[in-house]
Amino acid sequence: MPSHLFADRPAQPPEPGSVDALISQTRRLRGEVDAVRRDTVVDEDDAQGRWQRALCDLAVHQLDDLGEHLGQLKEGLPAAPEFEVAGSFAAGAAEGDATGPEAQQTRVGSAEWNLLTDEVNWSEELFQIFGRSPEAGPLPLDELGSTLFSEDQPLLTSMVTACLVDGKPIDGEFRIVRADGRVRTLHMRGEPVLDSDGCTASMWAVFRDVSELRRSQRAVRESRDSLQRRREIAQTEHRLAVELQEAVLPPWRGSLRLPHHTTGALDVAAHYLPAATSALIGGDWYDALELPDGRSLLTVGDLTGHGVTATSGMAMMLGALRGMAMAGIEPGPLMGWLNQLLEASVQPALGSAVCCRYDPAHRVLSWAQAGHPAPLLFRGGSGRALQPPEGVLLGATSGAAYGQAEERLEPGDVVVLHTDGLTPRSIEFGRSDGAGRLLALAPRFAAARTAQDCVRMVVEEFGVGERDDAACVLVARVGG
C-alpha cells in the first residue's frame, strides 16, 4: 500500500489550466467577499451588523482554505514551482485582508508513524502548524498528546487506540499549545496502513489547522445568539408596551356622551392610529371623562420615544392629568404641574399635550396646550384652528407658565384634537399638512350625524399610507 505521508496531494495531477482557473476564481471571489466585509459598518449596539460581519469573516476563512488546497493541488504539477503558487494566492488573498498574519499560515500538513521501525515522517507544513523546528524532529506517536490540552488528551488516545487496534479511521478535533505559546485547533483525519498479513504496520494522518475557521464560526454563532436575544427582548418589551397601553387608554369604544342627560352635552369618539411598524408603540394618549362638577375633560398628548419607557411615562402623565382634573385644577395650571412632574421623573423625556375643560351649561371650552397642535373647530361647513395660548413642551423648561384660552361653542360644532403623528409619511404630504387636510373635511363633518361618523372620515383620510409614528384623534360634537 503506498505511503500516505502526502495524502493531501493527489496521485493523479489535474490539468494545469483547470486548477489555474479555479485559483483565479477563488481569489477573485475572496476579494469580493472581503470588499463586502470592509463595507459592513458594525456598531457596538448593532447585533445584526455584527452577525453579518461574522458571516463575511467566516466566508473569507473558508475561501482562504479553498485557495490553499488548490495551491497544494497545483504544487504537484511539474510546470508550477511551489513558491510561485503559494505566493500567487497569498498575494491575492492579502489584498484588503483584515484577518492578520495568522490567516496566511499553512493550514494542512501530514504525518506517518511506522510501527515496525519507529520511523516518523512529518511534512514541512506540519512542522509549521505545530510551531516546531524541523531540526527538533517530528514527535513520536506516544508524545503527540503532550502538546494537547489536558482535557483533549483522552480524545486523541481513544482515536489512536481505535485506529491501531480496531482499524477504525481517525476523525476528530483537539487543541494544541505550540512552542511559542499559541493555541491552535486542529482537525485530524487518518487511517491505519496494513502489511501483507493484515496487521497494522503504520498510521498516517492529515492535520488541518481550523483555528480561524472555528473562531469565525463561533463569532457567527455568538452574534446570531445575541441578535436572537435582542429580538426576544424587543418582542417582550413590545408585548408589555401594548398591554400597558391597552390598560391605560380609555376602555370605551364607539361614541361617549358627556356629561350624561344634560343639554349641550358632548358626543365624543376617538381612535388610535398605529405606526406602520408595529414595534413603534409610542406615548400617544387620548381621554375624555366626566368631572365631579358636571364639566368634561378632553385631552390628547404625546411623549417622545417608543416602547415600554414611552408607554410607562404616558401612563404616569395621563394618570396625573386625570387626578388633577378630577380635583378641579384648571387646564393652564394643570399643564404647569405636568411640566414639573415630567422634570422630576426618572426617565427624561419631552411631551406635548392639549387639555380642554368643557362647561355644558354655558357651552364654553377652556383649554391650554404645551407645544401641541391647537384644537380645530368646525362650524357651518368650514373649519379653523383655535388661537393657542402660551405653552412650551412639557419637560423643556423648568417653571414654565402655561396660558389658558376660552372658546364659546354652538350646537352642532365639532372640535377635533389630534397628535402630530396623524399625517402619514409620503412625498405629497408633510407633518404641517395634517391640520390643512383635517380642515378640508369641514363640509363632510357638517353632514355627519355623530362624532363616530367624523372619526371614520378621519381614519379614511389618514389611515392609509406609511405612517412613521402612531397618532390619536378625538372628536367632540356639541349637542343641541
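Caption draft 1: Broad picture of the pairing of strand β13 (residues 382–385). Of the strand pairs in this sheet, strand β12 (residues 376–379) and β13 are connected by 4 bridges, and their pairing is antiparallel. Paired with Leu-376 across the bridge in β13 is Ala-385.

Caption draft 2: Structural detail: the packing of aromatic side chains. For the structure shown, the criterion picks out 5 aromatic pairs. Look at Trp-122 and Phe-130: their rings are 5.0 Å apart centre to centre, the planes differ by 40 degrees, and that puts the pair in the tilted class. On the accessibility criterion, Trp-122 (9% relative accessible area) is buried. With a centroid separation of 5.9 Å and an interplanar angle of 80 degrees, the aromatic rings of Phe-130 and Phe-207 are classed as edge-to-face.

Caption draft 3: Fine view of the pattern of salt bridges. Applying the stated rule across the entire model yields 21 salt bridges. Residue Arg-178 is joined to Asp-180 by a salt bridge in which the shortest nitrogen-to-oxygen separation is 2.7 Å. Owing to a relative accessible area of 45%, Asp-180 belongs among the partly exposed residues under this scheme. Asp-209 serves as the salt-bridge partner of Arg-184, at 3.0 Å between the closest nitrogen and oxygen. Within this pair, whereas Arg-184 is found in strand β4 (residues 183–194), its partner Asp-209 is found in strand β5 (residues 200–209), the two being separated by 25 residues in sequence. Judged by relative accessible area, Arg-184 falls into the buried class, the value being 3%. Asp-209 gets classed as buried once you look at its relative accessible area, which sits at 3%. Through salt bridges with shared partners, a single network forms among Arg-30, Asp-34, Arg-38 and Asp-64.

Caption draft 4: Main features of the packing of helix α7 (residues 308–326) against helix α8 (residues 331–344). At a minimum axis distance of 10 Å, the contact between α7 and α8 shows a crossing angle of 145 degrees. Where α7 crosses over α8, the handedness of that crossing is right-handed. Across from Met-316, Met-317, Ala-320, Leu-321, Met-324 and Ala-325 in α7, the residues of α8 making contact are Leu-334, Trp-337, Leu-338, Leu-341 and Leu-342. Looking at side-chain class alone, the contact of α7 with α8 contains 11 nonpolar, no polar and no charged residues.

Caption draft 5: Broad picture of the sheet that holds β5. Spatially, the 5 strands line up as an open sheet ordered β2-β1-β5-β4-β3, and their pairing is antiparallel. Of all the strands in the sheet, the pair left with one neighbour each is β2 (120–122) and β3 (170–177). This sheet shows a mean twist of 25 degrees between the axes of neighbouring strands, independent of strand direction. Alignment of β3 against β4, held across 8 bridges, turns out to be antiparallel. Paired with Gly-172 across the bridge in β4 is Met-188. Strand contacts of helix α5 (residues 153–166): β3, β4 and β5, with the helix running at about 145 degrees to β3, the strand carrying the most contacts. With respect to the sheet, helix α6 (residues 211–248) is in contact with β3, β4 and β5, its orientation differing from that of β4 by roughly 125 degrees.

Caption draft 6: Just the pairing of β5, in detail. Across the 10 residues of β5, 8 count as buried, placing the element largely inside the fold. As paired elements, strand β1 (residues 108–114) and β5 share 7 bridges and run antiparallel to each other. Following the sheet pairing, Ser-110 is matched in β5 by Val-206. One ladder, built from 9 bridges, connects β4 with β5; its direction is antiparallel. Within the sheet, the bridge partner assigned to Leu-186 lies in β5 and is Asp-209. The turn linking β4 back onto β5 is made up of 5 residues, and Gly-198 within it adopts a positive phi angle of 85 degrees.

Parameters and conventions
Sequence positions are assigned chain by chain, starting from 1 and proceeding in written order. pLDDT decides what is reported in this predicted model: residues at 70 or higher carry local features, side-chain atom pairs at 80 or more are listed and counted, and totals for whole chains, interfaces and linings draw on all residues regardless. For side-chain calculations, the full set of non-hydrogen atoms in the structure is used, while hydrogens and water are omitted. Paired strands are those between which DSSP finds at least two bridges. Here a helix means four or more residues in a row that DSSP labels H or I, a strand means two or more in a row labelled E, and each is numbered from the N terminus. Note on ring pairs: Phe, Tyr and Trp rings are taken, using the six-membered ring of Trp, and paired if centres are within 6.5 Å. Classes follow the plane angle, with under 30 degrees stacked, over 60 edge-to-face and the rest tilted. Relative accessibility under 20% of the residue-type maximum defines a buried residue, over 50% an exposed one, and the middle range a partly exposed one, all with a 1.4 Å probe and only protein chains included. A pair is scored as a salt bridge if a Lys or Arg side-chain nitrogen falls within 4 Å of a carboxyl oxygen belonging to Asp or Glu. Interaxial angles span 0 to 180 degrees and are taken between N-to-C directions of axes, which are lines fitted to C-alpha atoms, for helices over the stretch in contact. Should the near helix be turned counterclockwise from the far one by less than a right angle, the crossing is left-handed, whereas a clockwise turn marks it as right-handed. Contacts between residues were defined by any pair of non-hydrogen atoms, one from each residue, lying within 4.5 Å. Note on residue categories: nonpolar means Ala, Val, Leu, Ile, Met, Phe, Trp, Tyr, Cys or Pro, charged means Asp, Glu, Lys or Arg, and polar means any other residue, Gly included.

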